[in-house]
Amino acid sequence: MVLVNEPMPVTAVTDQGTVKLMPDIDRKRAWLLTVDGAPQSYVDLDEPAHLEFEYARRLGHVLDTVAEPGRPLDVLHLGGGALTLPRYVAATRPGSRQDVVEADRGLLELVAEHLPLPVGADMRLHAADARAWLETAPADSTDVLVADVFGGSRVPAHLTSVAYVREAGRVLRADGVYLANLPDAAPFAFLRSQLATLGAVFEELVLIAEPGVLRGRRFGNAVLVAAHRPVDTAALTRLTAADAFPARVGHGAALRDFIGDARPVRDEDAVPSPEPPDGAFGIG
């Protein structure tokens, strides 16, 4: 009888807290990354284009529509996790050049050791604060900037202000696209202020979120898209509507009504995203 070694969970304490890599018993080389018990990333090493989490699929839909299919892009990821989206871009847009900025060096090292990067992918990992790294990045150097940064369970305050968004706009090319994953719940004071903040720099704004979140039924994630050029909202609407958990795409007048009288955030007034309620992202 041949004994097959089953993958074993990996645990480490890093700057973020207690980090665990847990194998998925239903997918041979798939892993769930949790931080202090909260799901953070999911990766299938055999199928890097598989996006398990709802918000990741919505970010993936945007990445699919920012340029013609398969075209390589220069992508900057603020926030690393298990490198789910960088792996997705490498699989769906071969030849892309990607930089990943993650403040937690221990997390980066853990992921790089146990979840190897795709062979041949042009992916550079940087252990640094997202805003500090952004402020030193060259202008007009990036096609897409993906912001998915959490300090624990909250988006850090210094990544929510107009000054930060201006740096993002400086680094993006003229036709570049900014994406952010942000959590909130009704009455959406944080989300509305973030849309107003992005609107102080970018002309085009799009909000993608699950209807139950927008109706105030639960705390959840929203994907924000910002650009100086029109976003393909028709394609995004089709893609998000076809998901197992469909999302709503807001833009134009409806989104302006949602923003209402919210004001852009200054550095001196910036606060982290709201603390999620107990169990909002927990696992059993």
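None of the values given here were measured: they were computed from a predicted structure.

1. Some thoughts on the overall build of the protein chain
Along the protein chain, the regular secondary structure elements total 9 helices and 12 strands. A compact globule built from 284 residues should have a C-alpha radius of gyration of about 19 Å, and the protein chain, at 18 Å, falls within 12% of that. With respect to the three principal axes, the spread of C-alpha positions in the protein chain is 70 × 40 × 40 Å. Burial status across the protein chain gives 50% buried among its 284 residues. Long-range contacts, defined here as pairs at least 24 residues apart, represent 70% of the contacts in the protein chain between residues at least 6 apart. About 13200 Å² of surface is accessible on the protein chain, with carbon and sulfur atoms providing 53% of the total. Averaged over its 27 positive side-chain charges, the protein chain has a centre that lies 4 Å from the centre of its 39 negative ones.

2. What to know about empty space enclosed by the protein
For the structure on display, the rule yields 3 cavities of 30 Å³ or more. Estimates place the volume of the largest cavity at around 180 Å³. Taken together, the elements giving at least two residues each to the lining of the largest cavity come down to β4 (38–44), α1 (54–65), β5 (74–78) and α2 (84–92). Grouping the amino acids of the lining of the largest cavity by side-chain chemistry returns 9 nonpolar, 7 polar and 2 charged.

3. Observations concerning the nonpolar core
L78, L145 and Y178 are the most contacted members of the largest nonpolar core, which totals 39 residues. Formed by 30 residues, the second largest nonpolar core is a distinct cluster that contains L63, V89, I208 and A227.

4. Points about the sheet that holds strand β7 (residues 122–127)
Read across the open sheet, the 8 strands follow the order β7-β6-β5-β8-β9-β11-β10-β12; overall the sheet is mixed. On the outer flanks of this sheet lie β7 and β12 (248–251), each paired with one strand and no other. On average, each strand axis in the sheet is tilted by 15 degrees relative to the strand beside it, whichever way the strands run. Relative to strand β6 (residues 97–102), α2 is tilted by about 175 degrees, and along the sheet it contacts β5, β6, β7 and β8 (142–147). Across the face of the sheet, helix α8 (residues 233–241) comes into contact with β10 (204–209) and β12 while running at roughly 160 degrees to β12.

5. Quick notes on α8
Those residues of α8 not exposed but buried are T233, A235, L236 and T240. All buried residues of α8 project into a common sector of 155 degrees when viewed along the axis, lining one side. Against α1, β10 and β12 lie the buried residues of α8.

6. So, the side chain of R131
Following the sequence through the fold, R131 ends up in helix α4 (residues 130–136). Dropping the residues within four chain positions of it, R131 is found in contact with H158, L159, S161, A163, Y164 and D267.

7. What to know about the pairing of β10
A large share of β10 lies buried, amounting to 5 of its 6 residues. In this structure, β10 lies alongside strand β11 (residues 220–227), joined through 6 bridges in antiparallel fashion. Across the sheet, residue I208 finds its bridge partner in β11, namely V223. Judged from the 4 bridges that link them, β10 and β12 form a sheet pairing that is antiparallel.

Here is what the cut-offs are and how they apply
Residues numbered from 1 in each chain as written. Predicted model: local features only at pLDDT ≥ 70, side-chain atom pairs only at ≥ 80, totals over all residues. Heavy atoms only, no water. Helix = DSSP H or I, 4+ residues; strand = E, 2+ residues; numbered from the N terminus. Rg over C-alpha atoms; globule rule 2.2 N^0.38 Å. Buried < 20%, exposed > 50% of the residue type's maximum accessible area, 1.4 Å probe, protein only. Contact = heavy atoms within 4.5 Å. Areas by Shrake-Rupley, 256 points an atom, 1.4 Å probe, with all protein chains shown as cover. Lys, Arg positive; Asp, Glu negative; His and termini not counted. Charge placed at Lys NZ, Arg CZ, Asp CG, Glu CD. 1 Å grid on protein atoms, 1.4 Å probe; cavity = no way out; pocket = protein on both sides within 12 Å on 5 of 7 lines; lining within 4 Å. Points joined across faces, edges and corners; volume = space filled by probe spheres on them. Nonpolar A, V, L, I, M, F, W, Y, C, P; charged D, E, K, R; others polar. Core = buried A, V, L, I, M, F, W, Y, C linked by side-chain atoms within 4.5 Å. Pairing = 2+ DSSP bridges. Axes fitted to C-alpha atoms, helices over the stretch in contact; angles between N-to-C directions. Arc of directions from axis to C-beta.

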